[in-house]
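# Residue-level structure breakdown
What follows is each chain in one-letter form.
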Amino acid sequence: MSQRDSSSNRIALVQRHLFAATATTITPSTVGLATTAAPSESGPIPPPNPMESIADERKNPSFPIRAMTHYLNEGEANTLIREKIMLQFERDPVFSVHDVYDQTLPEIREKTMVKVSKLAGFLASEPINQFRTRMEIMSAIDPATWTRCGVHFGLFFGAIQGQATPQQFSYWVQKGALALNGVIGCFGMTEMGHGSNVAGLETTATFDEAADEFVIHTPTLTATKWWIGGAAQSATHCAVFAQMVVKGKRFGVKTFIVQLRNPEDFSLRPGILIGDIGSKMGRHGIDNGWIQFTHVRVPRSHLLQKYTKVSRSGEVSEPPMAQLAYGALITGRVSMVVDSGNTAKKALTIALRYAAVRRQFGANAQHPETKLLDYVIHQHRLIPLLAQAFAMHFCGIEVRNMADSLTDRLNSLSAKDPDMPVILAGLKELHGTSAGLKAFCTWNTLDTIDKCRQSLGGHGYSSYTGLAAMYNDFAVQCTWEGDNTILALQSGRYLVGCYREAKQGKKQASGVGYLNNLPSILSKKCKARSLEEVADLESIAEAFWLVSANVVKKAGEDFESFLSQGHSEEQAYEECSQARLYAARLHSIGYLFHRFKDAVQKAPAELSDILTALARLYGLHSIDAYAGAFLQYGFYTSQHMDWIRTKINELCRVIRKQAVCLTDSFGFSDYFINSPFGRYDGNIYEHYFRAVQRKHEPGQVPEYFRRVTHPLLHRSVAEEEVLELDDEE
């Protein structure tokens, strides 16, 4: 055989292999295509117009959609404000969203900063509550811009607001910290080697008594401030968390305001080194950076001293409770619970509207293909998530109101305030509750986004659905401002503490009120004798009380058992960490249900039926997901679980008929959704095609054709010497 023949044979083998692989990939059976239905004589039935399909979904709403919108927004006035803000964003070219999937990183960063500048103007011209609503809307439209603003207003300025003395607060406001006028702040807590363990931060702030200054220093590589939003390209100042050292003694982590750059030429201050941390998963508009301090001096007055005070002579007075200084972190966690509800609603609007338009397969070739939303399994994929989104929404409102009330009291608190014990108790409850809710709500929403993306089938892999970027942008919520597992364990620790206090007769807050009468709660059994009775909201509430009480009791007993074996408190908490995590999970799911149930009971009569159906579905679907616990602790029997699963099927069918109308009640404009797959009018395919073509004109010759493709097409195949073997005789 000649060398040329050998080369040709090898190429032919490769071609046959590739052809065989391709052929295998595209057979009807491998992609699920029906192969038995014969075509009709007149050809396939043309699919109904997508716009007609979605219009059909809106013909018979069982509830007044506008009334639901007002209820979700806590009143008609709030709805009008939200709609005004969305329209302002939509009409302003600065906030254009049509090209967000086709921008370079420098373009994204610059455009984000332009948006931040525009938002600063709104802050100066509208009431603070309206600006907060504006930022809440921005968080769903452009999470990176929201974060870039939120780092300054929520974290940097929040630290000043919560930890500065009145004199310090006035000073920084006059410097421009409120209005982004002369000061752009960042929040320097996280380090390369430490995140959730704030007490373990390595950056030091050593008091130089002679100079009346603190010396901020990064002693090791792992002490480098890392993931600092705004640091790389934007911030002039930083709220730096550092270990305070006075007269050789450490006093724990305190907050210092440190200038990073000269606002005039943006040059770095002496002793400060800043860089960009590079490519990341999402939120590309945020310029996350790293910061190193090398013996940087700041005046003593730059220590925020509302609680911890250091005198000129180096005398230190500590706050009565250290957690008073961390109100800004709790506020951040609460905002993520609210954001979880909003983001889940946006993802579900896209998935449910698409499912009401997209048709696939069908039992009869003479009829149009079946809507995805009419398949039972598709209903089970999405409708329980819709119920969960409502639960997170109403819970978010409740904990935000709790946080606002507590923040107001903290901001006016003095060290000798007689209400200090009450406020500390409220802070403890909100800290424990918000830690668990932040963890489980953000986990829920990340899961919801991906399930919505997958429900779009092959199209779900396209960036133009909006769901891929939504997932990447939202994923950070599960790890920033406290890793979710650590926060869930904090919540579990809080629950163990509540259980031990309840055993000693101390009355617990309403959120853990089931611990106040344990013998009565632990003896409860489901009394339902029918399908309808098992779905009663009061019965579901009792189920969560019983299971929550049992899993918290188990975690508490495990903790006490480890203590009795000679473990320290910290060791005992570590040993029972799995029980704490499980207790926090079921407590948080129950907490969401109870807040949803409260919202149903407060709702106008015209909304009661549909909200009751959603609350029942959320409760029963959650019970089914953790059926083991509800059976283990004896609240339900196997018969009850059969009824629960039957009821879930029924509720999915009932809510399916209202699914599109429920997405309409969220009040999200097409601009807000920014996905052709979630358009209100259902004209999905045309707008998807337009979006693809906008930046990708058909027929274009690639810029690299001459450099890469042309040489590939016209290369000569290199010949190789092949060892010829003698034929055996």
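Because the structure is predicted, anything quoted here is derived from the model rather than measured.

About the cut-offs
- Residues numbered from 1 in each chain as written.
- Predicted model: local features only at pLDDT ≥ 70, side-chain atom pairs only at ≥ 80, totals over all residues.
- Heavy atoms only, no water.
- Salt bridge = Lys/Arg side-chain N within 4 Å of Asp/Glu carboxyl O.
- Helix = DSSP H or I, 4+ residues; strand = E, 2+ residues; numbered from the N terminus.
- Buried < 20%, exposed > 50% of the residue type's maximum accessible area, 1.4 Å probe, protein only.
- 1 Å grid on protein atoms, 1.4 Å probe; cavity = no way out; pocket = protein on both sides within 12 Å on 5 of 7 lines; lining within 4 Å.
- Points joined across faces, edges and corners; volume = space filled by probe spheres on them.
- Nonpolar A, V, L, I, M, F, W, Y, C, P; charged D, E, K, R; others polar.
- Core = buried A, V, L, I, M, F, W, Y, C linked by side-chain atoms within 4.5 Å.
- Contact = heavy atoms within 4.5 Å.
- Pairing = 2+ DSSP bridges.
- Axes fitted to C-alpha atoms, helices over the stretch in contact; angles between N-to-C directions.
- Parallel < 35°, antiparallel > 145°, perpendicular 65-115°, else oblique.
- Expected span 1.5 Å × (residues − 1).
- Polar contact = N/O pair within 3.5 Å; in protein donor to acceptor, adjacent residues only side chain to side chain.
- Left-handed = near helix turned anticlockwise from the far one by under 90°.
- pLDDT = per-residue confidence, 0-100.
- Phe/Tyr/Trp six-rings, centres within 6.5 Å; stacked < 30°, edge-to-face > 60°.
- Lys NZ or Arg CZ within 6 Å of the ring centre and 35° of its normal.

## Considerations on the pattern of salt bridges
Following the criterion strictly, the structure yields 44 salt bridges and no others. Of the charged contacts, one joins E57 and R656 as a salt bridge, the two residues approaching to 2.8 Å between their closest N and O atoms. Here E57, found in helix α3 (residues 50–57), pairs with R656, found in helix α22 (residues 638–656); they are 599 residues apart in sequence, far enough to count as distant. This pair shows no difference in class: E57 is buried, exactly as R656 is. Across the pair E136 and R82 runs a salt bridge, and its minimum N-O distance is 3.2 Å. Pair noted here: E136 is in helix α7 (residues 128–141) and R82 is in helix α5 (residues 76–91), with a separation of 54 residues, a long-range link. Residues joined in a network through salt bridges with shared partners are E57, K371, D374 and R656.

## A word on the layout of surface pockets
When its volume is computed, the second largest pocket comes out at roughly 660 Å³. Residue lining of the second largest pocket: 32 residues in total, with V100, Y101, P143, A469 and D473 positioned closest to the centre. Contributing elements (two or more residues each) for the lining of the second largest pocket: α6 (105–125), α7, α8 (143–163), α10 (327–355) and α13 (467–474). Broken down by class, the residue content of the lining of the second largest pocket amounts to 13 nonpolar, 11 polar and eight charged.

## Focus on the nonpolar core
Counting 146 residues, the largest nonpolar core has F390, F596, L611, L614, I623 and Y636 as its most contacted members. Tallying contributions element by element places helix α11 (residues 376–411) first for this core, with 15 residues. With residues up to four places along the chain from it excluded, the contact list for F596 reads A387, F390, A391, F394, L611, L614, A615 and Y618. One finds I216, I228, I291 and L304 within the second-largest nonpolar core, a separate group that totals 44 residues.

## Considering unusual backbone geometry
Notably, W227 is not glycine yet its phi reads approximately 65°, a positive angle. Along the chain, the position of W227 falls in strand β4 (residues 225–228). Note on W227: relative accessible area 46%, which makes it partly exposed. Of note in the backbone geometry, K247 takes a positive phi value of approximately 55° without being a glycine. The residue K247 is located in the loop between β5 (237–246) and β6 (249–259) in this model.

## As for the sheet that holds β4
Sheet architecture is open: three strands sit in the order β4-β8-β7, paired in antiparallel fashion. Only two strands of the sheet have a single neighbouring strand rather than two, namely β4 and β7 (272–276). Taken pair by pair, the neighbouring strands of this sheet meet at an average axis angle of 20°, ignoring direction. Examined bridge by bridge, β4 and strand β8 (residues 289–293) share two bridges and lie antiparallel to one another. Each residue of the ladder has a partner; that of K225, found in β8, is I291.

## Things to note about the packing of helix α14 (residues 484–503) against helix α19 (residues 577–602)
To characterise two packed helices, one gives the angle between the axes of the helices and the distance between these axes. Here α14 crosses α19 at 90°, and the two axes come no closer than 8 Å. As judged from the angle between their axes, α14 and α19 are roughly perpendicular. Residues T485, A488, L489, S491, G492, R493, L495 and V496 of α14 pack against S577, R580, L581, A583, A584 and H587 of α19. Its residues placed into classes, the contact of α14 with α19 shows seven nonpolar, five polar and two charged.

## Structural notes on helix α17 (residues 537–564)
Between the first and last C-alpha of α17 there are 40 Å, a value that for 28 residues agrees with the 40 Å anticipated at 1.5 Å per step. Two residues or fewer after α17 comes G566, characterised by a positive phi angle close to 100°.

## What to know about the environment of A231
Within the fold, A231 resides in the loop between β4 and β5. Judged by relative accessible area, which is 0%, A231 ranks as buried. Put simply, A231 and S564 are 333 residues apart on the chain and 48 Å apart in space, counted from C-alpha to C-alpha.

## Thoughts on empty space enclosed by the protein
One simple way to see leftover space: roll a probe sized like a water molecule over the atoms. Evaluated as defined, the whole model comprises three cavities of 30 Å³ or more. If you add up the space inside the largest cavity, you get close to 80 Å³. Around the largest cavity, the lining comprises 13 residues; the ones closest to its centre are R148, H152, I184, G185 and S234. Listing elements by their share of the lining of the largest cavity, those giving two or more residues are α6 and α8. Per-element accounting of the lining of the largest cavity gives the leading share, four residues, to α8.

## Considering the side chain of R400
Along the chain, R400 falls in helix α11. For R400, the side chain forms a polar contact with the side chain of E74, separated by 3.2 Å.

## Focus on the packing of α5 against α7
Between α5 and α7, whose axes approach to 10 Å, the crossing angle comes to 55°. One finds that α5 runs oblique with respect to α7. For the crossing formed where α5 meets α7, the hand is right-handed. Between α5 and α7, the contacting residues are I81, R82, K84, I85, M86, Q88 and F89 on the first element and Q130, T133, R134, E136, I137, M138 and I141 on the second. Its residues placed into classes, the contact of α5 with α7 shows seven nonpolar, three polar and four charged.

## Considerations on the confidence of the model for the protein
Considering every residue of the protein, the mean pLDDT works out to 89; 91% of them sit at 70 or more. Low pLDDT, under 50, characterises residues 17–40; the predicted model gives this stretch 10 contacts beyond four residues in sequence or across chains.

## Brief notes about the packing of aromatic side chains
Aromatic ring pairs are defined here through the distance separating the ring centres and the angle between the ring planes. Enumeration over the complete set of coordinates arrives at 22 aromatic pairs. Taking 5.6 Å as the distance between ring centres and 45° as the angle between the ring planes, the aromatic pair formed by F390 and F666 counts as tilted. Residue F390 is located in helix α11, and its partner F666 is located in the loop between α23 (659–665) and α24 (670–673); the two are separated by 276 residues in the primary sequence. On the accessibility criterion, F390 (1% relative accessible area) is buried. F666 sits in the buried class, given a relative accessible area of 5%. Here the aromatic rings of F668 and F672 are separated by 4.3 Å at their centres, their planes lie at 25°, and the arrangement is stacked. A residue is classified by how much of its surface remains accessible, and F668, at 9% relative accessible area, is buried. Site record: aromatic cluster; members linked through ring pairs are Y71, F390, F394, F596, F666, F668 and F672. When the ring centre of F672 is taken as reference, the NZ or CZ atom of K346 above it lies at 5.4 Å. Directly above the ring of Y591 sits R595, whose terminal nitrogen or CZ lies 4.6 Å from the centroid.

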